[in-house]
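Here's the letter readout for the chains.
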Amino acid sequence: MIVDVAKQITDEKIIPCRAELDEKEEFPSDILLEIGKADLAGLYIQEEYGGFGGGIFEIVLALEQFARGCVGIATSFAANALGTFPIIIAGSDEMKAKYLPPLASGEYFAAFGLTEANAGSDASGIQTTAVLDGDEWVLNGTKQWITNAGEANIYTIVAMTDRNKGARGASMFVVEDKDPGFSYGVKEIKLGIRASSTRELIFKDCRIPKDRLIGRKGTGFITVMKTLDNSRPGIAILAVGLAQAALDESVTYAKQRIQFGKPIISFQAVQHLLADMAIQNEAARALVYQAAKHISAHPKDMSKASSMCKVFATDVAMKVTTDAVQVLAGYGYMREYPVEKMMRDAKILQIYEGTNQIQRNVVGQELNKEYNK
Ligand SMILES: Cc1cc2nc3c(=O)[nH]c(=O)nc-3n(C[C@H](O)[C@H](O)[C@H](O)COP(=O)(O)OP(=O)(O)OC[C@H]3O[C@@H](n4cnc5c(N)ncnc54)[C@H](O)[C@@H]3O)c2cc1C
């Protein structure tokens, strides 16, 4: 049912306008509202808060379809989940009751703010601070490259509450779009996923109520790690949906394009290219599905599975989309055909939510621990 609904939205709403939204760098508000109306916004939110009550596997199924249409649009949906996970993972019952129902219905939209100018892979370098003043936290600092910034209603952000405590000195907070002292930077101009919105979050003596602290003070990085472990299969499946779309375009084209009096698919060199694209993506899909199911079943042991599937699937998508441009050759390089956008969109998947080098570090560290047991 999830796949059918997501597929219909993709075919009828996303694919027809993806090139225009990419060209105009326009945020897909209407499509995201459609997704909400179709009851897909709360796939991963518990039923008691108005959600579908699913887990990572359910969101993966929807994201795979959306990414087949447009990774920019799918990224906006994925980042909404990313911004919501900290509340699901560590929020109090009162916080969940306040924010999850409007997020589940699609009325609210979320974003996740960790990265700063000098803190990318090394999140421990964040400079944003939160200081308790009476019944309010006062935030100061700037977050960079935040997906959905300027479009979301709520932001789950990380700030230092005690610098002397190192990794245990960070905490997470919910910031609402209308909070005093909170504003956005200009929209970034990007290589790909241009339908998504990427901006700075700027906090200048931004005052928020005391109860916007997510979980306990000092647990910010723990919540961040759990959040990313949950969300990375979502990025991995964007890669699978994207690579599937690139393969579909390539096979269709190869059957139609005539050179030397024959469709180019009759040349073994082209067939092998297509075969490798299909084999690699089928393997990636299997790994992501398995990781998504593993995460739901083993919430305390998810880092390795989550990072493995992100690395593998996103590297596959980069290769498959590049090969798709090769199959379409000169036509593939032109904006008139969708594969050049697919290749541009693929690159970010190897970068955001932790670069693929960092994912390999995680897998390596987990192996080291496993073999010490
Ligand atoms: C379009 C876009 C959207 C984004 N959306 C969000 C968002 O919604 N929220 C958010 O918080 N952030 C977001 N980000 C930030 C993203 O997660 C970071 O860009 C990413 O984590 C990498 O950080 P960096 O770009 O500063 O690279 P750096 O950390 O500066 O890395 C540079 C290079 O060094 C390598 N490197 C660094 N450290 C190591 C190491 N220890 N071992 C091996 N290699 C290493 C990296 O792999 C990379 O190749 C977004 C970024 C982009 C571009």
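Cut-offs used in this document
- Residues numbered from 1 in each chain as written.
- Predicted model: local features only at pLDDT ≥ 70, side-chain atom pairs only at ≥ 80, totals over all residues.
- Heavy atoms only, no water.
- Phe/Tyr/Trp six-rings, centres within 6.5 Å; stacked < 30°, edge-to-face > 60°.
- Helix = DSSP H or I, 4+ residues; strand = E, 2+ residues; numbered from the N terminus.
- Buried < 20%, exposed > 50% of the residue type's maximum accessible area, 1.4 Å probe, protein only.
- Lys NZ or Arg CZ within 6 Å of the ring centre and 35° of its normal.
- Core = buried A, V, L, I, M, F, W, Y, C linked by side-chain atoms within 4.5 Å.
- Contact = heavy atoms within 4.5 Å.
- Salt bridge = Lys/Arg side-chain N within 4 Å of Asp/Glu carboxyl O.
- Near = heavy atom within 4 Å.
- Polar contact = N/O pair within 3.5 Å; in protein donor to acceptor, adjacent residues only side chain to side chain.
- Areas by Shrake-Rupley, 256 points an atom, 1.4 Å probe, with all protein chains shown as cover.
- Nonpolar A, V, L, I, M, F, W, Y, C, P; charged D, E, K, R; others polar.
- Expected span 1.5 Å × (residues − 1).
- Bend = angle between axes of the 7 residues up to and from the residue.

**Q** Hey, could you run me through the packing of aromatic side chains in this one?
**A** Any aromatic ring pair is given by two values, namely how distant the centres are and how the planes are angled relative to each other. Applying the stated criterion across every chain yields a total of 13 aromatic pairs. Geometrically, the ring pair formed by Tyr253 and Tyr337 is edge-to-face, given 6.1 Å between the ring centres and 90° between the ring planes. With Tyr253 in helix α6 (residues 220–256) and Tyr337 in the loop between α8 (303–333) and α9 (339–349), the pair connects residues that are 84 residues apart, well separated along the chain. Using a relative accessible area of 25% as the deciding quantity, one classes Tyr337 as partly exposed. Taken together, the ring pairs connect Tyr155, Phe182, Tyr184 and Phe203 into an aromatic cluster. Of note, Lys293 hangs over the ring of Phe57, and the distance from its end group to the ring centre comes to 4.7 Å.

**Q** Looking at this structure, how should I read the nonpolar core?
**A** Nonpolar side chains tend to gather and get buried jointly when the protein is soluble and globular. Grouped together as the largest cluster of nonpolar side chains are 116 residues, with contacts concentrated most on Phe66, Leu139, Tyr155, Ile157, Phe173, Val175 and Leu238. Discounting chain neighbours no more than four positions away, the residues touching Ile157 are Gly113, Leu139, Ser171, Met172, Phe173, Val175, Leu201 and Phe203.

**Q** Please clarify how the pattern of salt bridges should be interpreted in this entry.
**A** Pairs can form between side chains of opposite charge once their charged atoms are near each other. Going through the model one piece at a time under the given rule, you end up with 26 salt bridges. Between Arg207 and Asp133 there is a salt bridge whose closest N-O contact spans 2.4 Å. Of this pair, Arg207 sits in strand β7 (residues 198–209) while Asp133 sits in strand β2 (residues 129–133), and the two are 74 residues apart along the sequence. With a relative accessible area of 41%, Asp133 lands in the partly exposed category. Arg335 serves as the salt-bridge partner of Glu340, at 3.4 Å between the closest nitrogen and oxygen. Accessibility expressed as a relative area gives 47% for Arg335, which makes it partly exposed.

**Q** Help me out: how do you make sense of the site of the ligand in this one?
**A** Close to the ligand lie 19 residues, the nearest being Thr115, Ser121, Thr147, Thr355 and Gln357. Within the contact set of the ligand, a nitrogen atom lies 2.8 Å away from a backbone nitrogen or oxygen of Phe112. Interatomic distance of 2.9 Å between a backbone N/O atom of Trp145 and a nitrogen atom of the ligand. Here the ligand loses 65% of its free accessible area of 980 Å² to cover by the protein chains. Residue composition of the shell around the ligand, grouped by class: 8 nonpolar, 9 polar and 2 charged.

**Q** Whenever I open this one, α6 confuses me. Can you help?
**A** Each full turn of the α-helix corresponds to 3.6 residues, which orients residues three or four apart in the same direction. With 37 residues, α6 should reach 54 Å at 1.5 Å per residue; the first-to-last C-alpha distance of 54 Å fits that figure. The largest bend in α6 comes to about 30°, at Asn230, with the proline Pro233 one to four residues further on. Counting buried positions along α6 gives 28 out of 37 residues, so the element sits mostly inside the fold.

**Q** Sorry, what's going on with the side chain of Thr10 here?
**A** Residue placement: Thr10 occurs in helix α1 (residues 2–24). Only 2.7 Å separates the side chain of Thr10 from the backbone oxygen of Ala6, close enough to count as a polar contact. For Thr10, the residues in contact, after removing those within four places along its chain, are Ile15, Pro16, Gln65, Phe66, Arg68 and Gly69.

**Q** I tried to follow the environment of Val174 on my own but got confused; where do I start?
**A** As for its placement among the helices and strands, Val174 is situated in strand β5 (residues 170–176). Judged by relative accessible area, which is 0%, Val174 ranks as buried. Val174 sits 49 residues away from Thr223 along the chain, and the two C-alpha atoms are 13 Å apart. In this view, Val174 contacts Ile87, Met95, Tyr99, Ile154, Tyr155, Thr156, Ile208, Arg212 and Ile214; residues no more than four positions away in its chain are not counted.

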